[in-house]
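If you want the building blocks of each chain, they are given just below.
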Amino acid sequence: MHKQHVLLILLLAFCALQATAQNDTTITAQPADSIITAPARIAADSLPQSVSITDTSKKRSPAGTAALLSAILPGAGQVYNKKYWKLPLVYGALAFPAYTFVDNLRWFQRTRYAFNVLSAKDTANYENVYVQLQPLVKRGDKSGLQNYRNDFRRNVDYSVLAFLLLWGLNVVDATVDAHLKDFNITDDLSLQIKPGYMPIANTAGIGIVLNIGKNHTNRLSPGR
């Protein structure tokens, strides 16, 4: 009889242990589910929303407009920048290589014609040679005419290069003026060393402060 009581007690204890183990597994399973599903929920909430992007046409910058105008017509960029006083400088600079180009081209054609007439010994056209070149033709100075012709031909090339270079400088000048058009130039410039505070490092330090104008203060480099 005593043995039956002992077995009954052992059986009840075993059932209690099984129930306790089952409860423990259910309790521990719930946080596991929450751990797995929580990031998924957070990730779903943190997904970026679709942003509508409006297609806006980019406006040309003042520097680009000035450069384009100067490239099309010399001095147009200076007019766009309201630097009217530069117009005489631009056209005066371009007028010199343009004049030398026309003059050297004219003399190149004259010397070439005289050289061809002398080379062909076309005495009937001696009188058609330019007046200043007729003495060279009449005395048969072929090498002299050839040297003059080559010199004038080379000067024509130099005139073209100088004209293109000055045209490019005209574009550069207009572009630089447009860039500096809104640049703040003031006499109120000061450089000061003041104590500062760095919130990130939570430390005090010394900073260099550059004041540009009355309402512009730029801190250059805080240091400890």
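Reading guide: rules and limits
Starting from 1, residues in each chain are numbered consecutively following that chain's sequence as written. Given that the model is predicted, a residue must reach a pLDDT of at least 70 before its local features are reported, and side-chain atom pairs must reach 80 or more before they are shown or counted; all residues, however, enter totals for whole chains, interfaces and linings. Processing note: side-chain calculations cover all non-hydrogen atoms of the structure and skip hydrogens and water entirely. Working definition: helices are DSSP H or I runs of at least four residues, strands are E runs of at least two. Numbering for both runs from the N terminus. Think of it in three bands: residues with accessible area under 20% of the maximum for their type are buried, residues over 50% are exposed, and the middle band is partly exposed, with areas taken using a 1.4 Å probe on protein chains only. Between two residues, a contact is recorded if the distance between any of their heavy atoms is within 4.5 Å. Each salt bridge in this description consists of a side-chain nitrogen of Lys or Arg and a carboxyl oxygen of Asp or Glu lying within 4 Å of one another. We call two N or O atoms a polar contact when they sit within 3.5 Å, provided that within protein one can donate a hydrogen and the other can accept it, with sequence-adjacent residues counted only if both atoms are side-chain atoms. For a helix, the expected span equals 1.5 Å multiplied by the number of residues minus one. Within 6.5 Å between ring centres, the rings of Phe, Tyr and Trp (the latter by its six-membered ring) count as paired, and their orientation is classed by plane angle as stacked under 30 degrees, edge-to-face over 60, tilted in between. Angles shown run from 0 to 180 degrees and are taken between the N-to-C directions of axes, each axis being a line fitted to C-alpha atoms and, for helices, limited to the stretch in contact. Roughly parallel means an angle under 35 degrees; roughly antiparallel means over 145; roughly perpendicular covers 65 to 115; every other angle is labelled oblique. Throughout, a crossing is termed right-handed when the near helix is turned clockwise from the far one, and left-handed when it is turned anticlockwise from it by less than a right angle. Here the nonpolar group is Ala, Val, Leu, Ile, Met, Phe, Trp, Tyr, Cys and Pro; Asp, Glu, Lys and Arg are the charged ones; every other residue, Gly included, is treated as polar. For every residue, the predictor assigns a confidence score, pLDDT, that lies between 0 and 100.

**Q** How would you sum up the overall build of the protein chain? Please name residues and give values.
**A** Counting secondary structure elements, the protein chain contains 6 helices and 3 strands. Ordered by position in the sequence, the α and β elements of the protein chain form the string α-α-α-α-α-α-β-β-β. For the protein chain, buried positions account for 21% of its 224 residues. Within the protein chain, contacts between residues at least 6 apart in sequence are counted, and of these 43% link residues at least 24 apart.

**Q** So, the pattern of salt bridges: which residues are in play, and what are the values?
**A** Applying the stated criterion across every chain yields a total of 7 salt bridges. Salt bridges sharing common partners tie together K83, K86, D173 and D177.

**Q** So what about the side chain of N81? Which residues, and what values?
**A** With respect to the helices and strands, N81 occurs in the loop between α3 (76-80) and α4 (87-120). Here the side chain of N81 touches A174 through a polar contact of 2.9 Å, landing on its backbone oxygen.

**Q** Just give me the short version of helix α6 (residues 142-179), but keep the residues and values in it.
**A** Over its 38 residues, α6 runs 56 Å from end to end, which matches the ideal 56 Å to within 8%, given 1.5 Å per residue. All of the buried residues along α6 are G144, L145, R149, F152, V156, S159, N170, V171, A174, T175, D177 and A178. On its buried face, α6 is in contact with α2 (62-72), α3, α4 and α5 (134-138).

**Q** Talk me through the packing of aromatic side chains; I want residue IDs and the actual numbers.
**A** Within this structure, the stated rule accounts for 3 aromatic pairs. Measuring from ring centre to ring centre gives 5.7 Å for W107 and F152, while their planes differ by 25 degrees; the resulting arrangement is stacked. Here the residue W107 occupies a position in helix α4, and F152 occupies one in helix α6, the gap between them amounting to 45 residues. As far as the burial class goes, W107 and F152 line up, both buried. Measuring from ring centre to ring centre gives 5.6 Å for F163 and W167, while their planes differ by 70 degrees; the resulting arrangement is edge-to-face. Within this pair, F163 and its partner W167 are both found in helix α6, separated by 4 residues, close to a single helical turn.

**Q** Account for α2, with residues named and values stated.
**A** Of the positions making up α2, those classed as buried are A63, T65, A66, A67 and S70. Tucked into the core, α2 has its buried residues touching α3 and α6.

**Q** Any chance you could break down the packing of α4 against α6 for me, citing the residues and the numbers?
**A** Packing of α4 against α6 leaves a shortest axis separation of 8 Å and a crossing angle of 160 degrees. Between α4 and α6, the crossing angle belongs to the class labelled roughly antiparallel. Once α4 is placed against α6, the crossing between them reads as left-handed.

**Q** How would you explain the packing of α2 against α6 if you had to name every residue and give the values?
**A** Close contact between α2 and α6 brings their axes to 8 Å; oriented N to C, the two are set at 160 degrees. With respect to their mutual orientation, α2 and α6 come out roughly antiparallel. Of the two elements, α2 crosses α6, and the hand of that crossing is right-handed. Two secondary-structure elements touch here, α2 through P62, A63, A66, A67, S70, A71 and I72 and α6 through W167, N170, V171, A174, T175, A178 and H179. Considering only residue class, the contact of α2 with α6 consists of 10 nonpolar, 4 polar and no charged.

**Q** Outline the confidence of the model for the protein chain, listing residues and values.
**A** Confidence in the prediction for the protein chain averages 75 pLDDT; 55% of positions are at 70 or higher. Note on residues 24-45: pLDDT is under 50 here. Beyond four places in sequence and across chains, it has 1 contact.

**Q** Lay out unusual backbone geometry with the relevant residues and their values.
**A** A positive phi is found at K82, a non-glycine position, where the angle reads about 60 degrees. Note on placement: K82 falls in the loop between α3 and α4. One non-glycine residue with positive phi stands out, namely K121, at about 55 degrees. Mapped onto the elements, K121 comes out in the loop between α4 and α5.

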